[in-house]
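# Reading the structure
Below are the chains, spelled out letter by letter.
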Amino acid sequence: MNYIDGGVCAAKGFKAAGIHCGIRKNKDKKDLSLIYSEAEASAAAVYTTNLVKGAPLVITKEHLSDGKAQAIICNSGNANTCNANGLEIADKTSKLCSKALNISEKDIVVASTGVIGLPLEIEPFEKGMPELVKSLSSDGSDSAAQGIMTTDTVKKEVAVEFELDGKICHIGGIAKGSGMIHPNMATMLVFITSDVSISSEMLQKALSGDIQNTFNMISIDGDTSTNDMVVVLANGLAGNSEINAEGESFNIFMKALNSVTVALCRKIAGDGEGATKLLECKVNNAKTLSDAKTVAKSVICSSLLKAAMFGADANWGRVLCAIGYSKAQVDVNKIDVYFKSCKGEILVCKNGAGVDFSEEKAKEILLENEILILVDLNDGEYSSCAWGCDLTYDYVKINGDYRT
């Protein structure tokens, strides 16, 4: 399996585009994106657990009830959430898109991201739809990735190439996510495409299984968004035998999917609002998988630990504190903690107690922009990872005037 360029257009039969249609005031920022498959595709999705949900999610759930889709349209700059006419706007957007593409309205996934409660009109969609469809290109992943960004500072796209049944297959994805990122699903917008032939049922099984160890293991600020979801379309154009049951082909597909989702997780976590560092917490030797995941998430969610990482302060006590209140079944007298980066690795806690270490070396390690927090529970055989970022002054600045 190899990482390749192309994002959501790496898979055969997919085109994408992103334009500015007038939803956002800044004309230099794209605000409407489209992903289109030349063939109807198997579709799977997972959605936010927030009880307050954006109108597009309601429409999308209805459309994906048959496990099929052919296009994804997403606007940025307005979440279309808590709006009196939200469902009407989402429905009209779907109708406009289906007419322009000459496909069934039921094959359209609708998504929105941006400010909650801001009025949204249909006119920008009407005005922009002809240009959006005309702009569809097999090189359009980059522009589509830009069109779904809000406070993101970098676009997020990845793709892999692998083999099934002697056929070359692809999975690619784009994502947005910088704030309001917290388990459980969904906490961002992620659109994934593939040319693998796989049934809708197995695609849903693959996605639902994967997110438990990927997107559900990210936290930036403890806020679960109202709008976000992960959607996968697989159009079968690679020509492999359809995956309709578990087995070797399904396992290969799962591995490739996981390669894409983990890469996107790291990109999302590293681009947290105001962030300067990507944090990864790796927990080893837990009694159960649940304990490993609980500890990893608790550490990565700790505001105190995140602040310490911003200051390059090797305050390992905050790691132990987060483990202590996580409610995971651990023996605190067995815990070892290390900090690691490209500058080296340092042991800061052994058997639940501090050890002598060089503060200078620790700071050198923690000044890097990717930090690994290694936690060894020394009490089992299970492991897990979680991703997050440091907590900085700029996070407050960004969210202090986000709406205005």
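Attention in this report is confined to the structure presented alongside it. All values derive from a computational prediction rather than experimental measurement. (Residues numbered from 1 in each chain as written. Predicted model: local features only at pLDDT ≥ 70, side-chain atom pairs only at ≥ 80, totals over all residues. Heavy atoms only, no water.)

Attention now moves to the overall build of the protein. Within the protein one finds 11 helices and 15 strands. Over its C-alpha trace the protein gives a radius of gyration of 22 Å, about what one expects of a compact globule, namely 22 Å for 404 residues. For the protein, the spread of C-alpha atoms along the principal axes amounts to about 70 × 55 × 35 Å. For the protein, the proportion of its 404 residues judged to be buried stands at 56%. Residue pairs in contact within the protein that sit at least 24 positions apart in sequence constitute 81% of those at least 6 positions apart. Here the protein has roughly 16,300 Å² of accessible surface; of this, 48% comes from carbon and sulfur atoms. Both charge centroids of the protein, one from 40 positive and one from 51 negative side chains, sit 3 Å from each other. (Helix = DSSP H or I, 4+ residues; strand = E, 2+ residues; numbered from the N terminus. Rg over C-alpha atoms; globule rule 2.2 N^0.38 Å. Buried < 20%, exposed > 50% of the residue type's maximum accessible area, 1.4 Å probe, protein only. Contact = heavy atoms within 4.5 Å. Areas by Shrake-Rupley, 256 points an atom, 1.4 Å probe, with all protein chains shown as cover. Lys, Arg positive; Asp, Glu negative; His and termini not counted. Charge placed at Lys NZ, Arg CZ, Asp CG, Glu CD.)

It is worth spelling out the sheet that holds strand β15 (residues 382–389) at this point. Spatially, the 6 strands line up as an open sheet ordered β13-β12-β11-β14-β10-β15, and their pairing is mixed. A single partner strand is all that each edge strand has here, and the edge strands are β13 (353–354) and β15. Together, β10 (278–286), β14 (370–376) and β15 form the strand contacts of helix α7 (residues 289–301), whose direction differs from that of β15 by roughly 20 degrees. Lying on the sheet, helix α8 (residues 303–310) is in contact with β10, β11 (336–341), β14 and β15; it crosses β10 at an angle near 125 degrees. (Pairing = 2+ DSSP bridges. Axes fitted to C-alpha atoms, helices over the stretch in contact; angles between N-to-C directions.)

What follows deals with the packing of α7 against helix α9 (residues 317–324). Interaxial distance between α7 and α9 falls to 8 Å at its minimum, and their mutual angle equals 130 degrees. It follows that α7 is oblique to α9 by the angle criterion. In the packing of α7 onto α9, the handedness of the crossing is right-handed. Facing α7, whose interface residues are Val295, Ser298 and Val299, α9 presents Val319, Ala322 and Ile323. Here the contact of α7 with α9 is built from residues that sort into 5 nonpolar, 1 polar and no charged. (Parallel < 35°, antiparallel > 145°, perpendicular 65-115°, else oblique. Left-handed = near helix turned anticlockwise from the far one by under 90°. Nonpolar A, V, L, I, M, F, W, Y, C, P; charged D, E, K, R; others polar.)

Between its first and last C-alpha atoms helix α2 (residues 86–101) spans 23 Å; for 16 residues at 1.5 Å apiece the expected length is 22 Å, and the two agree. Immediately beyond the C-terminal end of α2, within one or two residues, lies Asn102, with a positive phi of roughly 60 degrees. (Expected span 1.5 Å × (residues − 1).)

The next subject is the pattern of salt bridges. Summed over all chains, the structure comprises 14 salt bridges. Glu105 is the salt-bridge partner of Lys95, the closest N and O atoms lying 3.1 Å from each other. Of this pair, Lys95 sits in helix α2 while Glu105 sits in the loop between α2 and β5 (108–115), and the two are 10 residues apart along the sequence. In this structure, Glu280 and Arg266 form a salt bridge, with 2.7 Å as the shortest nitrogen-oxygen distance. Taken together, the positions of Glu280 in strand β10 and Arg266 in helix α6 (residues 248–270) put the pair 14 residues apart, joining distant regions of the chain. A single salt-bridge network, built from bridges that share partners, covers Asp91, Lys95 and Glu105. (Salt bridge = Lys/Arg side-chain N within 4 Å of Asp/Glu carboxyl O.)

Attention shifts here to the packing of α2 against helix α3 (residues 123–134). The geometry of α2 relative to α3 is characterised by a closest axis approach of 10 Å and an angle of 35 degrees between their N-to-C directions. In this structure, α2 crosses over α3, and the sense of that crossing is right-handed. In this structure, α2 contributes Ile89, Thr93, Leu96, Cys97, Ala100 and Leu101 to the contact, and α3 contributes Phe125, Glu126, Met129 and Val133. Residues belonging to the contact of α2 with α3 are distributed by class as follows: 8 nonpolar, 1 polar and 1 charged.

In this section: the packing of aromatic side chains. Summed over the entire model, instances satisfying the criterion amount to 1 aromatic pair. Consider the rings of Phe310 and Tyr393, whose centres lie 5.2 Å apart with planes at 90 degrees: the pair is edge-to-face. Of this pair, Phe310 sits in helix α8 while Tyr393 is found in helix α11 (residues 393–400), placing the two residues 83 residues apart along the sequence. On the basis of relative accessibility, which here comes to 27%, the residue Phe310 falls in the partly exposed class. Against the face of Tyr47 rests Lys61, its NZ or CZ located 4.9 Å from the ring centre. (Phe/Tyr/Trp six-rings, centres within 6.5 Å; stacked < 30°, edge-to-face > 60°. Lys NZ or Arg CZ within 6 Å of the ring centre and 35° of its normal.)

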